[in-house]
Amino acid sequence: MISWYVDDELSPDEKKDFDFHIQECATCREELEETQALLRIFASAERFSAPFGFTTRVLGNLGEKEESPLRGLLAVKPFFLRSAQVAFALVVITIGIISGNLLLAERTDTIGQAAVVQEVFSLDLFQATPPDSIGGIYSTLMRPSHES
Amino acid sequence: MRRYQDRVYNFCRYMLQNPEDAQDAAQDVFMKAYRGLKDFRPDSSTYTWIYRIAVTTCLDYKRKSRRERFRREPLPEDLPSDEPYPDQLYESKESTEAVQVAFQNLPEKLRAAIVLREMEGLSYEEIARVLHTSMGTVKSRISRGREQLRHLLKKIEAE
C-alpha cells in the first residue's frame, strides 16, 4: 500500500483513507518515511553511461559475425583439429604445385615439338607469297578472274 | 542505437553489478536486437522491445555466471575511492554504493522491476509490457522489492 501511495497509484478514496490512517499509525508513518528515503537514494544514485567506443565495438562485432561465415572454421578449436586443418591445407597446396609443374612440363614439350616442326618445314613452303612482293603481284595477275 | 545505449548499459550495470559483464551484456542486447529486427512489431515501443531483450539477456548472464562460479563481488572498482569528493558527488557515490550493495541480495525478478522503475523511470504499465506480466504482478514485485531493500539498507546502516 505504501509503495503504491508513493507512486500515486491509489484511487482518490484509497489515498484519502491512507492519509487519514498515517496520522494515527506511527509504524506506517515510519515505513512511509523510509520508503521515501529509499526513493531519494535511487534518485541520487549514478546513471551509468555506455563506455567510450561502445557503438563502434558493437558494429564491429556485428560486421565480423555477419560478413565472414568462414570465420567459424578458424575459431578456437582443439589443437588436433587445427593441426588436421593445417595438414590438409598443406597437402592441397603440395598437390597443386606438383600437378601444376607436370602440366607445365607437358605443355613445354608440346611447344618444343611445334618449334621443331616450324623449323623443319620452312616458311617458304607454307606461307603465301606476300602480296606486295613481285611474286605476289604475279600470282594476282595470273588468277582466273583476271584472265577473263 | 546511440539513443538507447546509455539506458541499456545503465540497466545492465545495475542488474549485473559489474562493469565488464554489463558491457558484454549490453553489446549482446544490441546484437540480438539487430538480428531480431525482422520480428519487431511497430505496435510496441522500441524502448519496451529493447528493455525486454535486456531483461532476458541479463537473466541469462546471471544464470550463466552462477553456473560457472559463484562469486560474491566486492563493489565494482569504479565506485570506492579514497579521493575527496565534492558534496553532491559524494552523495551520489554513497547512494550508488548503497543501491548496489542492497541489489546484491535482491532476487532477480524483483531487481529487474525495481531497476526499470527506479533507475529507468518506466511506468507500471511499461514494466508490465517489458516483463510480459500483469500490472498486479508488477505492483507486487515493486512493493516487495522496496520492502526488502528498505530492510537491507537498515541492516547496512546498523552495521
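Data block above holds the structure.
Residues numbered from 1 in each chain as written. Chains lettered and ligands numbered in written order. Predicted model: local features only at pLDDT ≥ 70, side-chain atom pairs only at ≥ 80, totals over all residues. Heavy atoms only, no water.

A. Spatial organisation of the overall build of chain B. Along chain B, the regular secondary structure elements total seven helices and zero strands. Across the 159 residues that make up chain B, the buried fraction comes to 49%. At a minimum sequence separation of 6, the contacts of chain B that also span at least 24 residues come to 66%. Total accessible area computed for chain B in this model is approximately 8600 Å², and 48% of it derives from carbon and sulfur atoms. (Helix = DSSP H or I, 4+ residues; strand = E, 2+ residues; numbered from the N terminus. Buried < 20%, exposed > 50% of the residue type's maximum accessible area, 1.4 Å probe, protein only. Contact = heavy atoms within 4.5 Å. Areas by Shrake-Rupley, 256 points an atom, 1.4 Å probe, with all protein chains shown as cover.)

B. Quick peek at the overall build of chain A. The secondary structure content of chain A amounts to eight helices and zero strands. A burial count over chain A gives 16% of its 148 residues as buried. Just so you have it, chain A exposes about 11700 Å², and 64% of that area is on carbon and sulfur atoms.

C. Local environment of the packing of helix α1 (residues 2–16) of chain B against helix α2 (residues 19–35) of chain B. All names here are of chain B. At their nearest, the axes of α1 and α2 sit 8 Å apart, and the two run at 135° to each other. One finds that α1 runs oblique with respect to α2. Regarding α1 and α2, the two cross each other, and that crossing is right-handed. Contacts between α1 and α2 involve Tyr4, Gln5, Val8, Tyr9, Cys12, Arg13 and Leu16 on the former and, on the latter, Pro19, Asp21, Ala22, Gln23, Ala25, Ala26, Val29 and Phe30. Looking at the contact of α1 with α2, its residues break down into 11 nonpolar, two polar and two charged. (Axes fitted to C-alpha atoms, helices over the stretch in contact; angles between N-to-C directions. Parallel < 35°, antiparallel > 145°, perpendicular 65-115°, else oblique. Left-handed = near helix turned anticlockwise from the far one by under 90°. Nonpolar A, V, L, I, M, F, W, Y, C, P; charged D, E, K, R; others polar.)

D. How the structure looks around the nonpolar core. Grouped together as the largest cluster of nonpolar side chains are 55 residues, with contacts concentrated most on A:Phe42, B:Phe11, B:Phe103, B:Leu116 and B:Leu149. Among the elements that take part in this core, helix α3 (residues 46–68) of chain B stands out by supplying nine residues, more than any other. Beyond its immediate chain neighbours, meaning those up to four positions away, A:Phe42 contacts A:Arg47, B:Val99, B:Phe103, B:Ile114, B:Glu118, B:Met119 and B:Leu149. (Core = buried A, V, L, I, M, F, W, Y, C linked by side-chain atoms within 4.5 Å.)

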